[in-house]
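Chain and residue survey
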Number of protein chains: 4
Amino acid sequence: MYDLKELHEECGVFGIANHKDAAQICYYGLHSLQHRGQEAAGILVSNQHKLTVHKGEGLVTEVFNASQIQALSGDMAIGHVRYSTAGGGGIANVQPFLFRTMQGDLGICHNGNIVNANLLKYELEIQGSIFSSSSDTEVIGHLIKRQNGRMIERICQALQRLDGAFALLIMLEDRLYAVRDKYGLRPLSIGQLPNGGYVFASETCALDIVGAKFLRDIEPGEIVRVKDGKLLSMLYTDEPIQDKICAMEYIYFSRPDSDLDGINVHTTRKLAGKQLYQESHVDADIVIGVPDSSISAAIGYSEAAGIPYEMGLIKNKYVGRTFIQPTQELRSQGVRMKLSAVSSIVNNKRVIMIDDSIVRGTTSKRIVKLLKDAGAKEVHVRIASPAIKYPCFYGVDTSTQSELISHKMDVHELCQYIGADSLYFISEEGIKKSIHFKKEHTCDLCMACFNGHYVTSLYENEVERD
Amino acid sequence: MYDLKELHEECGVFGIANHKDAAQICYYGLHSLQHRGQEAAGILVSNQHKLTVHKGEGLVTEVFNASQIQALSGDMAIGHVRYSTAGGGGIANVQPFLFRTMQGDLGICHNGNIVNANLLKYELEIQGSIFSSSSDTEVIGHLIKRQNGRMIERICQALQRLDGAFALLIMLEDRLYAVRDKYGLRPLSIGQLPNGGYVFASETCALDIVGAKFLRDIEPGEIVRVKDGKLLSMLYTDEPIQDKICAMEYIYFSRPDSDLDGINVHTTRKLAGKQLYQESHVDADIVIGVPDSSISAAIGYSEAAGIPYEMGLIKNKYVGRTFIQPTQELRSQGVRMKLSAVSSIVNNKRVIMIDDSIVRGTTSKRIVKLLKDAGAKEVHVRIASPAIKYPCFYGVDTSTQSELISHKMDVHELCQYIGADSLYFISEEGIKKSIHFKKEHTCDLCMACFNGHYVTSLYENEVERD
Amino acid sequence: MYDLKELHEECGVFGIANHKDAAQICYYGLHSLQHRGQEAAGILVSNQHKLTVHKGEGLVTEVFNASQIQALSGDMAIGHVRYSTAGGGGIANVQPFLFRTMQGDLGICHNGNIVNANLLKYELEIQGSIFSSSSDTEVIGHLIKRQNGRMIERICQALQRLDGAFALLIMLEDRLYAVRDKYGLRPLSIGQLPNGGYVFASETCALDIVGAKFLRDIEPGEIVRVKDGKLLSMLYTDEPIQDKICAMEYIYFSRPDSDLDGINVHTTRKLAGKQLYQESHVDADIVIGVPDSSISAAIGYSEAAGIPYEMGLIKNKYVGRTFIQPTQELRSQGVRMKLSAVSSIVNNKRVIMIDDSIVRGTTSKRIVKLLKDAGAKEVHVRIASPAIKYPCFYGVDTSTQSELISHKMDVHELCQYIGADSLYFISEEGIKKSIHFKKEHTCDLCMACFNGHYVTSLYENEVERD
Amino acid sequence: MYDLKELHEECGVFGIANHKDAAQICYYGLHSLQHRGQEAAGILVSNQHKLTVHKGEGLVTEVFNASQIQALSGDMAIGHVRYSTAGGGGIANVQPFLFRTMQGDLGICHNGNIVNANLLKYELEIQGSIFSSSSDTEVIGHLIKRQNGRMIERICQALQRLDGAFALLIMLEDRLYAVRDKYGLRPLSIGQLPNGGYVFASETCALDIVGAKFLRDIEPGEIVRVKDGKLLSMLYTDEPIQDKICAMEYIYFSRPDSDLDGINVHTTRKLAGKQLYQESHVDADIVIGVPDSSISAAIGYSEAAGIPYEMGLIKNKYVGRTFIQPTQELRSQGVRMKLSAVSSIVNNKRVIMIDDSIVRGTTSKRIVKLLKDAGAKEVHVRIASPAIKYPCFYGVDTSTQSELISHKMDVHELCQYIGADSLYFISEEGIKKSIHFKKEHTCDLCMACFNGHYVTSLYENEVERD
């Protein structure tokens, strides 16, 4: 995904209770969530008496070495991987956050975005709070600190003040809380280890990797506590609960082997490919997908259409910050590090190219050109998500609205702009059908980035309507 | 491929002449050949007066940083990536080799294995040679050094003494030679840059990445020289030429987007999948492939059979030597870093699992168990290569013959051993058909590891026949 | 000093205003203050609009590379080196601290120790503050934040709440403040660059290294502001000012080429050596010093006594955390990495050994044994500081009182314990005379660690009186 | 020494036999010889069956980490630290050299320079040798390889062909040889460990550090073998033996705590200082030394003259290749990383400045200017070596003769050039007296760099006589 794509999830979280190698298990869990954030990582561990944290900028394998993991001794841990947004770099914003208070230490990991964070920050600063970071997560710690009562009451009172998207892990010396916002915008699952310990993860792929059995998803509006090896669950709010998980989690962010709300991601993508075929078929010689996230949809299309799926585009796996980037001069000479078209596959062919989304349009334009330069006779672009016309305020780093090409162009104009022979976006209805293919599924989806129907107030943020 | 597989190619080579950023182009070329060797890398550069080398253990991105690439100034370069065999570790064996002689410097990169290296070494030591490494490549330098005449004559005389597999790049201050053994066992291609410069690479994927146009493959027995920007070609031997490229290059080693002898690797794999269907079909619910190298064959099978291809196995991309390995205890608890089965896909399904090869059998056994543990009702294993019964002496690190499970068990026994419901290896005829699908193709394949028909004498090496 | 010594200064600070390469100048300044703290380092830079920080654990040369320094663009910077106390490790405690507030950013570097930090923390938490670190420095930011008025008023009000030792640098987007506590316990100097810019440093050696001219020391109780290139100075408190700089700064911590309050450190050490001779001479063949900090005193003694100074002990300069420590087994076999005695110098000699201090006594005991093992006939230990009987609460990491050997033993017992032939500590009067050798000097010294006369209240801390 | 000085020793060697942690002991030994070469390091270990090497560019602590030392298992080791000469960089030249032959492996470490290396190389290439490096050490391996008979005979025959300076360690699977050239130009000592094992080191400081007892120096022309825990000694040549150890070893290269031929280095330097006083006294206020190597001489002068020794110059200890160098612009603004003058010490003083040598004169000129800029009224330079007028061919990297300032200027001109108030070089007689202060000492010194009396033929090298 690295560097190629124009959409970025901001985080993944992983937690574990009741395992003597908590930090190491957490390391593996975070590693399998690396696709959700590659700029920074951290692990906070508790030995029941004291919290210890190690965090840094880079991939999980860069931030931690064996001796650092060993130094994080304890039987409970929470960890975080992060995509660093433009404005918010720096070690101060890297999670987990650790707060030292007279009543004990408090650690927090957060995936999502608090829409009313600035309002809360303003209010808290008036009351004397002072912030060390520009992160909205720090606000949560301050809110908890300022409540009264038992810890779970204080946390619930704080959570009731938050609006927006959050999958949270909160850790004290002797207990761990897992929370999901009342819309269920970001995913969070519970699993159980062979030894009885509990793990929490943004995606189920992280459960599999550590040998944990999937128990269930945390429900929207639910807070779960593990203490003394036991699970306690409650709703933290009286407000109406919705089930509006982010559609882009299925379409783009999550790993294909993860299940979200019990639905396998790869399967939904294949169905979206099939659906695209039904909505918009065109005759062609081969079907190709833009790697990696569009491969499943391309295979689905190919199966439905009976047109062979071929490997017409190859992504080069270069990793990490040590890679020496080509100069502009070399790039202009054709040095291409990210994606290349396979000429012997696409030459002289009519190509159906499946991609998961179009954000600014520049990448699509470049890929179509790659294919045509490699000899493709026709390039028909099929997108496995509806057109993105609205920014996300729930933890996805889409561009500003004015940069969203579908905000500015209709499909016809965009088709010309990217140089394709035809272009089609899956319908909202179509994507819904692909995700909710099982009859029993009645939960809903957040599709605000397609249709502007935001599940929360936008507070000071504004968007332009059509 | 890293760590998961039991077969290892030993090398990839890349060369470039007539480009002011030769070392940097070479870096990108080697990077795209990284799958051919991940233990060490090196680049040797010439500024027409003097050769300078940098090499080290690790991935290309680990061995080189920007300032080191910059320090390698010159307009000609050869480079190498290497899989370090058990006995032959250490910096002394890392290529390119550089020899300092009174007549000037000489650099060599080698992919393959010289079968008569020990005999030649013995003879050379008698004559007073002394070796700094345990590599067979060093022998080549000594042989060249001991010949007389013009440099090209000396090289050709030396090459005539070599038996075995070699794709060689040899560089002097002002010229670069590219050579392929007379059987054509290892691939080597020529490409041309937009600026007219020439590049040489083990696989065409490295040409694409640097913006070079594929010109042609070096022929078996051919030596090509670039000097003053011009190509000169000749045969270095009067002995009969064969065209016996290694079948495993198609089946397993090469990148799917590479073309070998004009044949696209991904395409041959898809055809092998199709062929497997025709030779051995069994009814099932889904087809899955062992990532990454068996995906193409699985898709081919799926298309031919009309059974959906699904992502039932996921490989975790952990990279580099900094990854903290799970302890045996954690592994026994189910922490799995390399491969996991996707339960929501395979549960309760009859699965056709396509893999590219079976070497020692332990990996296959483990994967079948993963699938069954994840709920697969049946697992039918289909292998896209014939059974490997003989060791390779031409540059592939297969195990010793006694470790080759197909040397010890027939298909029936092996099926039981790995716990599959059925097991089938593609026929030799079938793999040939998949690779030589174009009518005009008349070249042959080395399939010694399947049938023991070695293209060379084995010298002191021995194998047991059935 | 590294690893050898039992006393640790906790910090050094450096600041600069009005230089386009502020971060790089700061890097050199911190590098020359490295002896004051080797566990962590950080630099905070302002480009007049925004503060950016980089910090990490390790030596200055380990924490920063060229591209990180380049990324810290701005014309004002403050930086910090830190000795990490046992309890307070972790990146959260590494300075500079950066606070993000609605009125703008605020950065702080602190050398010293706030004696009433816990009381203030308690009070602040009651008011709703929440802390991210266990550092007393974070308290300062919270105090400033909670005041009203113009920034300088807010800072002065906050400073009035602090008791203890502090040399502070505080930076906002467009201005830099430098402060010294009202007792002048920790040093802080002002220098001026050739281009007119101002620099601030814990020691004058850091001024020299960056080409700055020494202007003057910050006075006890003074706050200095640089804004728009101009200096403004005022006292921040009406309380009585004292001039009680820490005696150990002269005796042990500071670099010999630094001047503190206008007095050269090397010179005071030589005079202390001379004074020791006058107070306690014994006949001997050679004088030696424990490197590095006792060399000056040893030379002073030698000159006064007319007994030759010899290099009888050698410190091995091993650096950084990458050094592989000898195992206990190797150490028991005589592998000695820190200090060795030079047998050809001390064999058969009567030795006067000068050291700067005795804390727990174990090091002295080990050195005396080294010398005797190397053949010294007699070892007369002379200590250039009075006996340390009381813990320091002003920023020096002495052990707890119960670990201070001079708290438990008188000179006679201690002499026996360390195995010396005689032992003498310089008198309090003697050390004062050595430091205040110029007539005009009327300032006083903090000698609380020798005599228990603490300059502040101790709040919740307690010490046992004789 | 790093970067400050204009003379460079090229190597230090360390060997050990009969200790289960041979590589680790070797690591400590090399670490204490780091001042003899800071560009590269290597250790070669034998487990009685096989030799394994690890080497790289950088300091000992940079080249080796704990796991690499652990991987070097065996009970015999030889190691090397190296100053990389301009022409001969690159990993190929880093020692120890390891040769793989049919009769077994052979490892070599070399301190010194073979004067007839090019002649031998020419002869060997005619016979078919081919070299991988530009190092003269590789020649030794080839020579040994080409002899007949028992190994010790082959080595002795090879040694007889060598002319020049060499302290060699040669290791086979089961034995270790230590050799010194017949002039004794480079030092080499034997020590014994508490467990009975033997160690060899360029300087005795490396014996001390590993807990070894000094036994004796290897004699000029001697070869010592350790096998099965026993020492065997013989002369390898019938030619006349001389005892001409390099005078600069005492004056500049060796650590002050080392003994060379039984003479302590620090002591000879102090005596040289005393001698300088006797030969050339001038009235002054203080004596200072250029750190680090001239401190002993300065103290000697001070004691003899009764003028106080002061710390007027401070060297900044920056280490390793990660240090960010100041730009030319910053340097011109007075940023000084290497050496600074202490103004409060030298201001208004008449200074006697002791240095160990003058090579190109630029450093001396710079230091005198530093002192004058810091306020010194007079600067009288006294050099503890005679003027260097001839290049060294025995392993010291002096400049070419034309760069030697004393080849071009007499003392008077040079004094003006460096801007000193007076300048004096110690006499040849004087330096001899300082080194051979004990009556019983009859061995001689190589002082070719002062007087051009080379102990060997110069072969193709030439020097201009006065």
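About the thresholds
- Residues numbered from 1 in each chain as written.
- Chains lettered and ligands numbered in written order.
- Predicted model: local features only at pLDDT ≥ 70, side-chain atom pairs only at ≥ 80, totals over all residues.
- Heavy atoms only, no water.
- UniProt positions renumbered as here; feature names shortened; annotations may be inferred.
- Helix = DSSP H or I, 4+ residues; strand = E, 2+ residues; numbered from the N terminus.
- Buried < 20%, exposed > 50% of the residue type's maximum accessible area, 1.4 Å probe, protein only.
- Contact = heavy atoms within 4.5 Å.
- Least-squares fit on C-alpha atoms with pLDDT ≥ 70 in both.
- Salt bridge = Lys/Arg side-chain N within 4 Å of Asp/Glu carboxyl O.
- Domains from an automatic or database assignment.
- Buried area = accessible area lost by both parts, 1.4 Å probe.
- Polar contact = N/O pair within 3.5 Å; in protein donor to acceptor, adjacent residues only side chain to side chain.
- Nonpolar A, V, L, I, M, F, W, Y, C, P; charged D, E, K, R; others polar.
- Core = buried A, V, L, I, M, F, W, Y, C linked by side-chain atoms within 4.5 Å.
- Pairing = 2+ DSSP bridges.
- Axes fitted to C-alpha atoms, helices over the stretch in contact; angles between N-to-C directions.
- Parallel < 35°, antiparallel > 145°, perpendicular 65-115°, else oblique.
- Left-handed = near helix turned anticlockwise from the far one by under 90°.

We now examine the UniProt feature "binding site: [4Fe-4S] cluster" (unreviewed entry) in chain A. Residues and elements named next belong to chain A. Per the UniProt record, "binding site: [4Fe-4S] cluster" (unreviewed entry) is annotated on C246, C392, C446 and C449. Sequence-wise these annotated residues cover 204 residues; spatially they are packed, their C-alpha atoms never more than 10.2 Å apart. If you trace the backbone, C246 turns up in strand β14 (residues 244-246). Since its relative accessible area comes to 8%, C246 is described here as buried. Aside from chain neighbours lying at most four places away, what touches C246 is L185, R186 and C446.

Take the relation of the copies chain D and chain B next. Once chain D has been moved 0.1 Å along the axis and rotated by 180°, it coincides with chain B to within an RMSD of 0.0 Å. Each copy turns onto its partner about a two-fold axis. By C-alpha distance to the rotation axis, the residue of chain D lying nearest is S129 of chain D, at 2.8 Å. An overlap of 100% is found between the interface residues of chain D and their copies at the interface of chain B, pointing to a shared contact surface.

So, on to the pattern of salt bridges. By the definition in use, this model includes 88 salt bridges over all chains. Of the charged contacts in the structure, one is a salt bridge between R350 of chain A and D285 of chain A, with a shortest N-O distance of 2.9 Å. Of this pair, R350 of chain A sits in strand β20 (residues 350-355) while D285 of chain A is found in the loop between α9 (265-280) and β17 (286-289), placing the two residues 65 residues apart along the sequence. Of the charged contacts in the structure, one is a salt bridge between R36 of chain D and E203 of chain D, with a shortest N-O distance of 2.7 Å.

Frequently, the measure chosen for interface size is the accessible area removed from exposure when the parts meet. Residues and elements named next belong to chain A. The assigned domain composition of chain A is domain 1 (11-242) and domain 2 (259-436 + 443-448). Taking only C-alpha atoms, the centre of domain 1 and the centre of domain 2 are 33 Å apart. In this assembly, 17 residues from domain 1 lie in contact with 13 residues from domain 2. Summed over both sides, the interface of domain 1 with domain 2 buries roughly 1100 Å², with 51% coming from carbon and sulfur. Here domain 1 is connected to domain 2 by one salt bridge. D261 is paired through a salt bridge with R180; the nearest N and O atoms lie 3.8 Å apart. Linking domain 1 with domain 2 are four residue pairs in polar contact (both at pLDDT 80 or more), by the criterion used here. The residue inventory of the side of domain 1 that touches domain 2, partitioned by class, reads six nonpolar, six polar and five charged.

With that settled, the discussion passes to unusual backbone geometry. Here the amide bond leading from Q95 of chain B into P96 of chain B is cis, since omega sits at 0°, within 30 degrees of zero. Topologically, P96 of chain B is positioned in the loop between β4 (76-82) and β5 (97-101). Even without glycine at this site, N348 of chain C takes up a positive phi of about 70°. Considering the arrangement of structural elements, one finds N348 of chain C in the loop between α12 (343-346) and β20 (350-355).

Moving on to the nonpolar core. Ranked by internal contacts, the top residues of the largest apolar core, which has 102 residues, are M248 and Y394 of chain C together with M248 and Y394 of chain D. Those residues in contact with Y394 of chain C, other than ones at most four positions away along the chain, are G112, N113, V115, A165, L185, R186, C446, Y454, V455, T456 and L458 of chain C. The next biggest cluster of nonpolar side chains, apart from the first, holds 101 residues, and it includes A298 and M447 of chain A together with M248 and V455 of chain B.

At the interface, 23 residues of chain D touch 23 residues of chain B. The tally of links between chain D and chain B comes to two salt bridges. K145 of chain B is the salt-bridge partner of E125 of chain D, the closest N and O atoms lying 2.6 Å from each other. The interface formed by chain D and chain B holds four residue pairs in polar contact (both at pLDDT 80 or more) in total. At the level of elements, β5 (97-101), α4 (117-126) and α5 (137-145) of chain D are the ones that each hand at least two residues to the side of chain D that touches chain B. Of the residues that constitute the side of chain D that touches chain B, the class distribution is eight nonpolar, 10 polar and five charged.

Here we come to the interface of chain B and chain A. Taken together, the contact between chain B and chain A spans 57 residues of the former and 57 residues of the latter. Interface area for chain B against chain A, summed over the two sides, is near 4600 Å², with a carbon-plus-sulfur share of 59%. Three residues, Y28, I209 and I324 of chain B, lead the burial of chain B against chain A; their summed loss comes to 14% of the area buried on that side. Connecting chain B to chain A are four salt bridges. Two residues, E310 of chain B and K270 of chain A, come together in a salt bridge whose shortest N-O distance is 2.9 Å. Across the contact surface, chain B and chain A share 26 residue pairs in polar contact (both at pLDDT 80 or more). Within the residue set of the side of chain B that touches chain A, elements represented by two or more residues are α1 (22-32), α3 (66-71), α7 (205-209), α9 (265-280), α10 (295-305), α11 (328-332) and α12 (343-346) of chain B.

Residue and element names in this part refer to chain A. Here we have four strands laid out as an open sheet, ordered β17-β20-β21-β22, and parallel in their pairing. At either end of the open sheet lies a strand with only one pairing partner, and these are β17 and β22 (422-425). Averaged over all adjacent pairs, the angle separating strand axes in this sheet is 20°, with direction ignored. Looking at chain direction, β20 and strand β21 (residues 378-383) are connected through six bridges and run parallel. Note on β21: the bridge partner recorded for R350 is E378. Lying on the sheet, α9 is in contact with β20, β21 and β22; it crosses β22 at an angle near 120°. Lying on the sheet, helix α10 (residues 295-305) is in contact with β17, β20 and β21; it crosses β17 at an angle near 165°.

A separate point is the packing of α9 of chain B against α10 of chain B. Residues and elements named next belong to chain B. Running from amino to carboxyl end, α9 crosses α10 at an angle of 50°, the nearest separation of the two axes being 7 Å. The orientation of α9 relative to α10 falls into the category oblique. Along this stretch, α9 crosses α10, giving a crossing that reads as right-handed. Contact residues: α9 offers H266, R269, K270, G273, K274, L276, Y277 and S280, while α10 offers S296, A297, I299, G300, Y301, E303, A304 and A305.

Residues and elements named next belong to chain A. Counted residue by residue, strand β7 (residues 164-172) has nine buried out of nine residues, so it is predominantly covered. By the bridge criterion, eight bridges tie strand β6 (residues 104-114) to β7 in an arrangement that is antiparallel. If you follow N113 over to β7, its bridge partner there is A165. As defined by bridge partners, β7 adjoins strand β8 (residues 175-180) across six bridges and the pair is classed as antiparallel. Residue pairing across strands places I170 opposite Y177, the latter belonging to β8. In sequence, β7 turns back onto β8 through a hairpin of two residues.

Once that is clear, we can look at the side chain of T137 of chain D. Residues and elements named next belong to chain D. Structurally, T137 can be placed in helix α5. A residue is classified by how much of its surface remains accessible, and T137, at 0% relative accessible area, is buried. Within the local environment of T137, its side chain forms a polar contact with the side chain of H110, the two groups lying 3.0 Å apart. If we skip the residues at most four places from it in the chain, T137 touches Q95, F97, I108 and H110.

On to the UniProt feature "binding site: Mg(2+)" (unreviewed entry) in chain A. Residues and elements named next belong to chain A. Sequence positions flagged by UniProt for "binding site: Mg(2+)" (unreviewed entry) are, in local numbering, S293, D355 and D356. A compact arrangement is adopted by the annotated residues: their sequence extent is 64 residues, whereas the largest C-alpha distance between any two is 8.0 Å. In this fold, S293 is placed in the loop between β17 and α10. Engagement of the side chain of S293 in a polar contact is seen with the side chain of D356, the distance being 2.4 Å. On the secondary structure map, D356 appears in the loop between β20 and α13 (362-373).

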